[in-house]
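Residue-level listing of the chains:
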Amino acid sequence: MPHDKTNLRALRSAEDVCRRANTRLTRLRRSVLASVLTSDRPLTAYQILDRLRIEDASTAPMVVYRSLNVLIRLGLVHRVDSTKSFVACTMHEHAHPCQILVCHSCGATVEAWDESIAGAAERLGRRFGFALDRNVIELTGICGSCQQEAS
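Computed from a predicted model, the values in this text were never measured in an experiment.

Thoughts on the nonpolar core
Judged by nonpolar contacts, the single largest core of 25 residues is most densely connected at L33, I48, V64, L68, L71 and L76. Listed by contribution, the elements that provide at least two residues to this core are α1 (5–20), α2 (27–37), α3 (45–53), α4 (61–73) and β2 (85–88). Leave out the neighbours within four places in its chain, and L68 touches V32, A45, I48, V77 and F86. V87, C98, V102 and V136 belong to the second largest nonpolar core, which has six residues in total.

Quick look at a nonpolar patch on the surface
On the surface, a cluster of nonpolar side chains totalling about 300 Å² of accessible area is made up of L101, V110, I117 and L139. If you trace the backbone, L101 turns up in strand β3 (residues 98–103). You can call L101 partly exposed: its relative accessible area is 38%.

Describing the packing of α3 against α4
Packing of α3 against α4 brings their axes to within 10 Å, and their N-to-C directions diverge by 115 degrees. Between α3 and α4, the angle falls in the class roughly perpendicular. For the pair α3 and α4, the crossing hand works out as right-handed. Between α3 and α4, the contacting residues are A45, Y46, I48, L49, L52 and R53 on the first element and P61, V64, Y65 and L68 on the second. Taken together, the residues that form the contact of α3 with α4 break down as nine nonpolar, no polar and one charged.

The rules we used
Residues numbered from 1 in each chain as written. Predicted model: local features only at pLDDT ≥ 70, side-chain atom pairs only at ≥ 80, totals over all residues. Heavy atoms only, no water. Core = buried A, V, L, I, M, F, W, Y, C linked by side-chain atoms within 4.5 Å. Buried < 20%, exposed > 50% of the residue type's maximum accessible area, 1.4 Å probe, protein only. Helix = DSSP H or I, 4+ residues; strand = E, 2+ residues; numbered from the N terminus. Contact = heavy atoms within 4.5 Å. Patch = residues over 30% accessible without salt bridge, like charges linked within 9 Å, V, L, I, M, F, W, Y side chains within 5 Å. Areas by Shrake-Rupley, 256 points an atom, 1.4 Å probe, with all protein chains shown as cover. Salt bridge = Lys/Arg side-chain N within 4 Å of Asp/Glu carboxyl O. Axes fitted to C-alpha atoms, helices over the stretch in contact; angles between N-to-C directions. Parallel < 35°, antiparallel > 145°, perpendicular 65-115°, else oblique. Left-handed = near helix turned anticlockwise from the far one by under 90°. Nonpolar A, V, L, I, M, F, W, Y, C, P; charged D, E, K, R; others polar.

Have a look at this one:
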């Protein structure tokens, strides 16, 4: 369980999101979210599982995936498809399309929101007859820290 004030606020905020969605932030969902919140890098489901098994060795992969699916549906977690991993949503106060920047050198991620990119994605979908149900765009490259190290 995180002790950092920012993460504690995020967990309290997650409780509010769940309450508004008439969904419970169960002990397991809270633990999954706490694992993602306290990581400085995206975590795979099995990395989350390893963290949870420290406290409960009987935790099964399926319950982690189920918890992640609920947290994604609630907008509390994003799946980073390119790395098959998960990050906490930093803007979960509202449903939104987002862009996730991923460093393919160190794995750092940044969640961003640019209205023009989101609008362009919506227009592109409409132009080809698609009703987008997931508007998360991943952009990969090298982060500033890795660029400096390479110099």
